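Listed below, chain by chain, are the residues.
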Amino acid sequence: TEHDRLAVDGRLENVVAARVHDAAADEHHGGHLEEIRQLASRYALAIDSRDLDALVDLFVEDVAAGPGRSGRAALREDFDRQLRGIGVSILFVGNHVIDFESETRARGVVYCKAEIEDGARWIAQAIQYQDRYEQRGDRWYFVRRRHLLWYGAEQATHPLAQPPADWPRSHT
């Protein structure tokens, strides 16, 4: 039963479906749950370190990369274009709910807090990713990752403009 809806960018999106999991199903998918959770964490690390090869390797080989485009090479070009426009990024992965549709397919919702340098601006964001996952061979991959921005708020202070923290010497 759907029980919550969230307005994002003027559209209503289904974001949570009520699910009842039994202990046997959780145990059966246990190892797969952790592997899928690692996809979200590795995505954040690859974005922040600008490791585009590692980033696109998280997706299925035939990933849709925009209208009329598919494959990891096309996805890499798109990420390169997007990331070239920003400076430092810090993505922090939070809640991650995963529901299995079959033995080799799952979907998930991931919450993320981001801090992004955009020129002289520093922006804090709250993001929700709506994911589709698929196991191919012995690995899980993203099939699709839908980025929903809840908000982006410019911060009054640009943290990189401050003196270095120099911890622990500066700790009081």
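Right, let's walk through the structure included here. Each chain has its residues counted from 1, following the order in which its sequence is written. Per-residue local features of the predicted model are confined to residues with pLDDT of at least 70, and side-chain atom pairs are confined, for both listing and counting, to 80 or more; whole-chain, interface and lining totals are unaffected and use all residues. Side-chain measures were taken over the full set of non-hydrogen atoms in the model, leaving aside hydrogen atoms and water.

### Digging into the pattern of salt bridges
- Whenever a carboxyl oxygen of Asp or Glu lies within 4 Å of a side-chain nitrogen of Lys or Arg, that contact is scored as a salt bridge. Inspection of the entire model under this criterion finds 14 salt bridges.
- Note that Glu-101 and Arg-132 form a salt bridge whose closest N and O atoms lie 2.4 Å from each other. One end of the pair, Glu-101, is in the loop between strand E3 (89-100) and strand E4 (105-118); the other, Arg-132, is in strand E5 (residues 121-136), and 31 residues separate them in sequence.
- The exposure class assigned to Arg-132 is partly exposed, which follows from its relative accessible area of 38%.
- Between Arg-136 and Glu-134 there is a salt bridge, and its shortest N-O distance comes to 2.7 Å.
- Relative accessibility under 20% of the residue-type maximum defines a buried residue, over 50% an exposed one, and the middle range a partly exposed one, all with a 1.4 Å probe and only protein chains included. You can call Glu-134 buried: its relative accessible area is 12%.
- Connected through shared salt-bridge partners, Asp-62, Arg-105, Glu-134 and Arg-136 make up one network. Each helix is a run of H or I in the DSSP string that is no shorter than four residues. Each strand is a run of E no shorter than two, and both are numbered from the N terminus.

### Re the packing of aromatic side chains
- Here is the rule: rings of Phe, Tyr and Trp (six-membered ring for Trp) pair when centre to centre is within 6.5 Å. Planes less than 30 degrees apart are stacked, more than 60 are edge-to-face, and the remainder are tilted. For the structure shown, the criterion picks out nine aromatic pairs.
- Site record: aromatic cluster; members linked through ring pairs are Tyr-43, Phe-59, Phe-79, Tyr-129, Tyr-133 and Phe-142.
- Cation placement over rings: the criterion is NZ of Lys or CZ of Arg within 6 Å of the ring centroid and within 35° of the ring normal. The ring of Tyr-43 carries Arg-145 above its face, with NZ or CZ at 4.4 Å from the centroid.
- Lying across the ring of Tyr-129, Arg-145 places its NZ or CZ 3.9 Å from the centre.

### Describing the side chain of Gln-130
- Within the secondary structure, Gln-130 is located in strand E5.
- In protein, a polar contact requires one atom able to donate a hydrogen and another able to accept it; more generally it is a pair of N or O atoms within 3.5 Å, and residues adjacent in sequence count only if both atoms are side-chain atoms. Polar contacts involving the side chain of Gln-130 include one to the side chain of Gln-128, which spans 3.0 Å.

### Structural notes on a nonpolar patch on the surface
- Patches draw on residues past 30% relative accessible area with no salt bridge. Two like charges within 9 Å are joined, as are two nonpolar side chains (Val, Leu, Ile, Met, Phe, Trp, Tyr) within 5 Å. All accessibility values rest on the Shrake-Rupley procedure with a 1.4 Å probe; residue burial counts only the protein chains present in the view. Residues Val-88, Ile-90 and Leu-160 make up a contiguous nonpolar surface patch of roughly 250 Å² in combined accessible area.
- Considering the arrangement of structural elements, one finds Ile-90 in strand E3.

### Concerning the environment of Gln-155
- Mapped onto the fold, Gln-155 is located in the segment after strand E6 (139-154).
- Along the primary structure Gln-155 and Ile-123 are separated by 32 residues, whereas in three dimensions their C-alpha atoms are 5.7 Å apart.
- Within the structure, the side chain of Gln-155 is placed 2.8 Å from the backbone oxygen of Ala-153, a separation counted as a polar contact.

### Section: the sheet that holds E6
- For two strands to count as paired, DSSP must find a minimum of two bridges between them. Spatial ordering of the open sheet is given by E3-E4-E5-E6, a layout of four strands whose pairing is antiparallel. Across the chains shown, the open sheet's two edge strands, defined by having one partner strand only, are E3 and E6. Pairs of neighbouring strands in the sheet enclose a mean axial angle of 20°, with direction left out of account.
- By the bridge criterion, 10 bridges tie E3 to E4 in an arrangement that is antiparallel. From the neighbouring strand, Asp-99 faces E4, where its bridge partner is Arg-107. Axis angles are defined between N-to-C directions and span 0 to 180 degrees, where every axis is a line fitted to C-alpha atoms and, for a helix, only to the segment in contact.

Structural measurements only, silent on function.
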